[in-house]
Amino acid sequence: MGNSLKAILAFVPSNKCQKYLLEDLEEMPVDKMVDLSGRQLRRLPLHICSFRELVKLYLSDNNLNHLPPELEQLQNLQILALDFNNFKALPLVVCTLKQLCILYLGNNKLCSLPLELRLLQNLKTLWIESNCLQYLPEVVCELSLLKTLHAGSNALRTLPPQLQCLQELRTIWLSGNLLSEFPPVLLDMPFLEVIDVDRNSIRFFPSLAHLPGLKLVIYDHNPCRNAPKVAKGVRRVGRWSEETPEPRKRSGAVIEITRDEKPLLPPAAKTEPE
């Protein structure tokens, strides 16, 4: 079905038209996954909420701005993708899905997140990139099992000190924000493995050599005067990344350090928990 026809039928609320958009999806798939991405949907068909054993629900790239309260029936849901929609606020019913491990909220119009998000204590990956966030909601710091946080392409100027409470956090993506200094709280998070502050306004980088878990730091496209110092074996992407801040010396001569292998950039595709 062409996208233009889908867009027209999306305005028609009749069950017949909605079934046409869903291509007669009436029974829960054997793999317990429903992918309704790119269907021009303006509302979630209620019968999807009857699939109580559903584990993965992809609603990306639609025209959704609300969700029905019946979504609460999906208490086995582990992955929910709501990215590329028209949400100005996160529907509170999402916060009732306590088995969620991965939540995709990127490319919406979110300016904040509800306090009820703290109920998602099994959440390990949160994507909130490309929204309208001017600050990182402190409720994110209450997600104790969070391992990966994608918060790029917002309008963040700083990070809350409470972030250091997330001792399971390993990866934080902050590219494309308004950071004018390296967030001090990250210096107190020795368990971080990947830090991405690409495309910000950071002019000076403190030493990161004391972070024992660090494996990769991406700091390119900042007006910085220096490269961040890192421990041996840590990969860097940015200006002077192939130079070493503290070259080794032997008998008064500077020994050239072997170039690090260029690290992989942040994943573009969605990932699932290990």
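All residue numbers here refer to positions counted from 1 along the written sequence of the relevant chain. Only residues with pLDDT of 70 or above have their local features reported here, since the model is predicted, and side-chain atom pairs are shown and tallied only from 80 upward, although totals for entire chains, interfaces and linings are computed over all residues. Water and hydrogen atoms play no part in the side-chain values, which are based on all heavy atoms of the structure.

Our focus in this paragraph is the overall build of the protein chain. Secondary structure follows DSSP: runs of H or I at least 4 residues long count as helices, runs of E at least 2 residues long count as strands, and numbering of each begins at the N terminus. The secondary structure content of the protein chain amounts to two helices and 12 strands. Tracing the protein chain from N to C terminus, the helices and strands come up as α-α-β-β-β-β-β-β-β-β-β-β-β-β. Only protein chains enter the accessibility calculation, which uses a 1.4 Å probe; a residue whose area is less than 20% of its type maximum is buried, one above 50% is exposed, and one in between is partly exposed. Counting every position in the protein chain, which comprises 274 residues, the buried fraction comes to 46%. Summarising the internal contacts of the protein chain: among those between residues at least 6 apart in sequence, 26% fall at separations of at least 24. Carbon and sulfur atoms make up 50% of the accessible area of the protein chain, which totals about 14200 Å². The contact rule is simple, with two residues in contact once any of their heavy atoms fall within 4.5 Å. We get accessible surface area from the Shrake-Rupley algorithm with a probe of 1.4 Å; when it comes to residues, only the shown protein chains can shield them.

We now examine the environment of Cys132. Structurally, Cys132 is set in the loop between strand E5 (125-127) and strand E6 (148-150). Using a relative accessible area of 38% as the deciding quantity, one classes Cys132 as partly exposed. In this structure the C-alpha to C-alpha distance between Cys132 and Ala155, which are 23 residues apart in sequence, comes to 6.6 Å. Discounting chain neighbours no more than four positions away, the residues touching Cys132 are Lys109, Leu110, Cys111 and Asn154.

Our next topic: unusual backbone geometry. Residues other than glycine seldom take positive phi values, yet Asp61 does so here, at roughly 60°. Mapped onto the elements, Asp61 comes out in the loop between strand E2 (56-58) and strand E3 (79-81). The class of Asp61 is partly exposed, set by a relative accessible area of 47%. Of note in this structure, Phe84 is not a glycine but carries a positive phi near 60°.

Across a sheet, strands are paired by hydrogen bonds formed along the backbone, either parallel or antiparallel in direction. In this analysis, strands are considered paired if DSSP registers two or more bridges between them. Spatial ordering of the open sheet is given by E1-E2-E3-E4-E5-E6-E7-E8-E9-E10, a layout of 10 strands whose pairing is parallel. Each edge of the open sheet carries a strand with a single partner, namely strand E1 (33-35) and strand E10 (235-237). Averaged over all pairs of adjacent strands, the angle between their axes in this sheet comes to 5°, without regard to strand direction. Taken together, the three bridges between strand E7 (residues 171-173) and strand E8 (residues 194-196) define a ladder with parallel strand orientation. When the bridges of E8 are listed, Thr171 appears paired with Val194. Here the axes come from fitting lines to C-alpha atoms, over the contacting stretch only for helices, and the angles between their N-to-C directions go from 0 to 180 degrees.

The subject of this paragraph is the packing of aromatic side chains. Pairing of aromatic side chains here covers Phe, Tyr and the six-membered ring of Trp, requires ring centres within 6.5 Å, and sorts the geometry by plane angle: under 30 degrees stacked, over 60 edge-to-face, intermediate tilted. All chains considered together, the criterion is met by three aromatic pairs. An angle of 70° between the planes, with centres 5.4 Å apart, marks the rings of Phe205 and Tyr219 as edge-to-face. Of this pair, Phe205 sits in the loop between E8 and strand E9 (216-218) while Tyr219 sits in the loop between E9 and E10, placing them 14 residues apart in sequence. Summarising the burial analysis for this pair, Phe205 and Tyr219 share the class buried. Each member of the aromatic cluster is reached from another via a ring pair, and the members are Phe182, Phe205 and Tyr219.

Before going further, it helps to spend a moment on the environment of Ile195. Looking at the secondary structure, you find Ile195 in strand E8. Classification of Ile195 as buried rests on a relative accessible area of 0%. Considering only alpha carbons, one finds Ile195 and Arg236, 41 residues apart in sequence, at a separation of 9.8 Å. If sequence neighbours within four positions are ignored, Ile195 has contacts with Ile172, Phe182, Leu186, Leu211, Leu214, Leu216, Val217 and Ile218.

Structurally, the position occupied by Asp188 is in the loop between E7 and E8. With relative accessibility at 47%, the residue Asp188 sits in the partly exposed group. Sequence separation of Asp188 and Cys165 is 23 residues, and the distance between their C-alpha atoms is 9.9 Å.

Take a side-chain nitrogen of Lys or Arg and a carboxyl oxygen of Asp or Glu: if they are within 4 Å of each other, that pair is a salt bridge. Under the definition given, this model contains three salt bridges. The residue Glu142 makes a salt bridge to Arg118 at a minimum N-O spacing of 2.8 Å. You can see Glu142 sitting in the loop between E5 and E6 and its partner Arg118 sitting in the loop between strand E4 (102-104) and E5, a full 24 residues away along the chain. On the accessibility criterion, Arg118 (34% relative accessible area) is partly exposed. Residues Lys215 and Glu193 are paired through a salt bridge, measuring 3.9 Å at the closest nitrogen-oxygen approach. Here Lys215 is found in the loop between E8 and E9, whereas its partner Glu193 is found in the loop between E7 and E8, with 22 residues between them in sequence.

Turning to the state of the cysteines, a few remarks are in order. The disulfide definition used here is simple: a pair of cysteine sulfur atoms within 2.5 Å. Taken as a whole and judged by the stated rule, the model has zero disulfides. We note that Cys132 lacks a disulfide partner, and the nearest cysteine sulfur, in Cys111, lies 4.7 Å from it. In this model Cys165 remains outside any disulfide bridge; the closest cysteine sulfur is found in Cys141, 6.9 Å from its own. Looking at Cys165, the relative accessible area reads 53%, which means it is exposed.

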